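Summary of the model geometry
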Amino acid sequence: MSAMADFSEDKNGALRFSGSLTLARLGDLPERLREFQGQASTLDLSGIEHIDTVGAWVVHRFAGQHDARVVGLDEDGAHLLDQVSKADEPVAVRPDYSSSFTRVLGEIGDAVTESGRTLYGLLGFLGATVIAFATIIRHPSRFRFNATVHRFEVVGVSALGIIGLMSFLIGIVIAQQGAVQLRQFGAEAFTINLVGRITLRELGVLMTAIMVAGRSGSAFAAQLGTMKLTEEIDAMRTIGVSPMEALVVPRTLAAVILMPLLGFYSSVVAIIGGGLLCWASLHIPPVTFIERIREVVPITDLYVGLIKAPVFGAIIGIAGCFQGMQVKADAEQVGLRTTAAVVQGIFLVIVLDAFFAVFFTWVGWI
Amino acid sequence: MVRAKGDPIISVQGLKTSFGDQVVHDGLELEVRRGEILGVVGGSGTGKSVLMRAIIGLQPVDAGDITVFGEPTLGRDGTEATEIRKRWGVLFQGGALFSTLTVAENVQVPLREFYPKLDQALLDEIAAYKVVMTGLPAEAGPKFPAELSGGMKKRAGLARALALDPELLFLDEPTAGLDPISAAAFDELIQSLQKTLGLTVFLITHDLDTLYAICDRVAVLADKKVIGVGTIPELLAMAHPWIQEYFNGPRGRAATATLEHEREKEKSGAS
């Protein structure tokens, strides 16, 4: 192994370097040179074994600071030192940061303009989607039947398992928690009202919407985003195919049509789960349970759920496709946009759910 | 340490690699000499990149021996492999820059990883001169990879590959996707760095101009083997149909003509 880099002071103001002036063997040489206070008019490198660019840089910097001359390098070493000195330019390592106060203000401003722009863009996209639907209604031959049916399968049929399991468990949890709380008032029988009404009216559709946003809204954004990156969407446009009609309409339509079906399925499975728990822990036989459900759950609860579902589906589909179409430049954006699609989808669904709750109370469906 | 020019720095013997049933290399032999620029050519899918990945240890090998710097690289444990890895730099096709770090920070990554004791000021200075040395403008230092053009990304990738002052440099299609002017500038850069730093370069390329301009020797991959290694005139003397078609096809002839034209110009200028 070669020796560590070292230097010693000469009487006539010369610094004599020895060892190997390479990154691996540099040791504490840079610090020692920095602390060096004496005079140095020449740097004698004739005693070194090897030099690389880092060693040359350290020598170059020291020579510059002390106005010293470098001597004793062989031809290759001199060439190296020359190349390194030529590369001596101030280069910033990180971009300039402004003070944290202005940065926070700037970030708030960015966030506000960004959400404004997103809202505006989303409205525009909603309009474009409506126009695409209108065009397809006027020219039904342009409707992509196969693509739509394929989306039905992906959004709906393959989601049945996971949505069923989720709803079944939620039904059990509601019934169990309801039974425990209501028992304190001797009102266990009302567990049936609780399970029936809350699943049909709220939770069935809401949980399904969250699941569909996570499964399909994200998939829409990722698919369209990747297609945007690989210029597939540009290729479509040049061939004369409208991406809105070919990609957005089938996906949105699938979400709109399948949300009510999945929401209803979810509510039914949750009621089954609740019914099983009532049977097991409250000893209410299934026949009685179903009879009670028919008595205590008004049909308007079903209507409330079924009216909300397609709206939620449209929001999830449009948010997913919109975010996917916003992807530009690099692959990192696909991830960001996919996350945004899910967050936006779920957020808008919950906001609208609150509006629906007020509206249905107002029309008297309570 | 003996640093004589010409002794083998990489030696690959009886290499066999495969993906499932598809055999990529079978009984491949290759030797790279210290201080040379070796160009590796071959049709698409002949396993040029796979060969590079096998040598640097990213690709599992079915059989064979690979020696780099006189040490076997296969089956070494973590720290030994790291010691060998310190001594080479790799430039991947797209630059493979870390997207969350700036160009200068990218250059600092290997330095920080292998020499954690270096102080921040020296690290910044090293990153700075490496960035300038690879021909990037000083403003590129604090930029993020997404803000760079393809050619600048490759230069930044090269700066990172050179961060540890390696003896051996692997370049995977460094001029692919660059315009002819940038490609020629990149060739010159590699050649001048190779001279300055005394590097050995393992260069995968499709670019005939690069081969003619900077490669000392060329290795041709076909039929799962290296079918020929040598200078371009030596390869031209071989009868293998792929070599003949490669160098004597329309593009090959154009590159040869350009080279001869330049040599003649140099001669007439000198006389």
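About the cut-offs
- Residues numbered from 1 in each chain as written.
- Chains lettered and ligands numbered in written order.
- Predicted model: local features only at pLDDT ≥ 70, side-chain atom pairs only at ≥ 80, totals over all residues.
- Axes fitted to C-alpha atoms, helices over the stretch in contact; angles between N-to-C directions.
- Helix = DSSP H or I, 4+ residues; strand = E, 2+ residues; numbered from the N terminus.
- Parallel < 35°, antiparallel > 145°, perpendicular 65-115°, else oblique.
- Left-handed = near helix turned anticlockwise from the far one by under 90°.
- Contact = placed C-beta atoms within 7 Å.
- Nonpolar A, V, L, I, M, F, W, Y, C, P; charged D, E, K, R; others polar.
- Pairing = 2+ DSSP bridges.
- Expected span 1.5 Å × (residues − 1).
- Buried ≥ 20, exposed ≤ 12 C-beta atoms within 10 Å, placed from the backbone.
- Arc of directions from axis to C-beta.
- Domains from an automatic or database assignment.

1. A few points about the packing of helix α9 (residues 243–282) of chain A against helix α10 (residues 286–296) of chain A
Residue and element names in this part refer to chain A.
- Interaxial distance between α9 and α10 falls to 9 Å at its minimum, and their mutual angle equals 130°. In terms of orientation, α9 lies oblique with respect to α10. You can see that α9 and α10 cross each other, and the crossing is right-handed. Only Pro-286, Phe-289 and Ile-293 of α10 make contact with α9, whose side of the interface consists of Ile-271, Gly-275, Cys-278 and Trp-279.
- The class makeup of the residues in the contact of α9 with α10 is six nonpolar, one polar and no charged.

2. As for the pairing of strand β2 (residues 22–33) of chain B
Residue and element names in this part refer to chain B.
- Relative to β2, strand β1 (residues 8–19) runs antiparallel, the two being bridged by nine bridges. By the bridge assignment, Lys-16 is partnered in β2 with Asp-26.
- Hairpin remark: β1 followed by β2, antiparallel, with two residues in the connecting loop; positive phi at Gly-20, about 60°.

3. Some thoughts on the sheet that holds β2(B)
Residues and elements named next belong to chain B.
- The strand order across the open sheet formed by four strands is β2-β1-β4-β5, and the pairing between neighbours is antiparallel. Both edges of this open sheet fall to β2 and β5 (71–72), since each of them pairs with a single strand only.
- Looking at chain direction, strand β4 (residues 63–68) and β5 are connected through two bridges and run antiparallel. Each residue of the ladder has a partner; that of Val-68, found in β5, is Glu-71.
- The strands that helix α1 (residues 48–55) touches are β1, β2 and β4; relative to β1, the one it contacts most, it runs at about 115°.

4. Structural notes on the interface of chain B and chain A
- Residue-level contacts link 25 residues of chain B with 26 residues of chain A.
- Counting residues per element, the side of chain B that touches chain A draws most heavily on helix α4 (residues 120–133) of chain B, which supplies 10 residues.

5. Considerations on the sheet that holds strand β7 (residues 168–172) of chain B
Residues and elements named next belong to chain B.
- Reading across from one edge, β6-β7-β8-β3-β9-β10 is the order of the six strands in this open sheet, with mixed pairing throughout. Lying at the two open borders of the sheet, with one neighbouring strand each, are β6 (88–91) and β10 (225–230). Ignoring which end each strand starts from, the neighbouring axes of this sheet average 15° apart.
- Where strand β3 (residues 37–42) lies against strand β9 (residues 217–222), five bridges are found, and the strand directions are parallel.

6. Considering helix α6 (residues 180–197) of chain B
Residues and elements named next belong to chain B.
- Between its first and last C-alpha atoms α6 spans 25 Å; for 18 residues at 1.5 Å apiece the expected length is 26 Å, and the two agree.
- Of the positions making up α6, those classed as buried are Ala-183, Phe-186, Asp-187, Ile-190, Leu-193 and Leu-197. Within α6, the buried residues cover an arc of 135° as seen down the axis, which keeps them to one side. Opposite its buried face, α6 presents the exposed residues Pro-180 and Ile-181, each directed more than 90 degrees away.
- A positive phi of about 65° marks Gly-198, the residue just after α6.

7. What about unusual backbone geometry?
- A positive phi angle is found at A:Asp67, which is not glycine, with a value near 55°.
- The phi dihedral of A:His283 is positive, around 60°, even though this residue is not glycine.

8. Digging into the domain arrangement of chain A
- According to the domain assignment, chain A contains domain 1 (6–86) and domain 2 (121–362).
- Inter-centroid distance (C-alpha atoms) of domain 1 of chain A to domain 2 of chain A is 70 Å.

9. Here we look at helix α2 (residues 53–66) of chain A
Residues and elements named next belong to chain A.
- For α2, spanning 14 residues, the distance from its first C-alpha to its last is 20 Å, which sits close to the expected 20 Å at 1.5 Å a residue.
- By the criterion of burial, α2 is predominantly enclosed, with 10 of the 14 residues buried.
- Every buried residue belonging to α2 is among Thr-53, Val-54, Gly-55, Ala-56, Trp-57, Val-58, Val-59, His-60, Arg-61 and Phe-62, and all of these are buried.
- Looking one or two places after α2, you find Asp-67, whose phi comes out positive at around 55°.

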